[in-house]
Amino acid sequence: MGLVPDLGKSLPPPSVANRNSLWLAGVGWCSAMLHNAINHRPPMKSGVHRQFLLATIGWFIGYHVTKYENYTYAKLDRDMNEYVRLHPEEFAAKEKKTFAEIVEPFHPVR
């Protein structure tokens, strides 16, 4: 079953480069840099394999967080639209006003 239920498998996949993936990949890379700095190693040069690994893990987690986020919002939208469909009396269409009815009349001061 995983993080997203089977009902969410019908949603389109999120893009590979999304905000959660970018942020969590950056957090993973910065944590590797911080670990190097704490251990008095050159932050950029040492442990490049760990930097790459932690950035990749962050990217993977961010992608799946985005999938779960899309599923949650799709489920909320579905429930909201079902409620609107079942209770049309609460969502009656309002009469449309013209722009002149909304704004006050303009009287220039001279």
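Predicted model only: the values in this text are computed from it and were never measured.

The subject of this paragraph is the environment of Gly-28. Inspection of the secondary structure puts Gly-28 in helix α1 (residues 19-38). For the pair Gly-28 and Lys-75, spaced 47 residues apart in sequence, the C-alpha separation works out to 30 Å. Ignoring any residue separated from it by four or fewer positions in sequence, one finds Gly-28 in contact with Leu-54 and Ala-55.

The next thing to look at is the packing of aromatic side chains. Under the defined criterion, the tally for this structure stands at one aromatic pair. Aromatic pair Tyr-83 and Phe-91: ring centres 6.2 Å apart, planes at 85 degrees, arrangement edge-to-face. Relative accessible area serves as the criterion here: at 37%, Tyr-83 is assigned to the partly exposed category. Overall, the relative accessible area of 44% leaves Phe-91 in the partly exposed class.

Cut-off values and rules
Residues numbered from 1 in each chain as written. Predicted model: local features only at pLDDT ≥ 70, side-chain atom pairs only at ≥ 80, totals over all residues. Heavy atoms only, no water. Helix = DSSP H or I, 4+ residues; strand = E, 2+ residues; numbered from the N terminus. Contact = heavy atoms within 4.5 Å. Phe/Tyr/Trp six-rings, centres within 6.5 Å; stacked < 30°, edge-to-face > 60°. Buried < 20%, exposed > 50% of the residue type's maximum accessible area, 1.4 Å probe, protein only.

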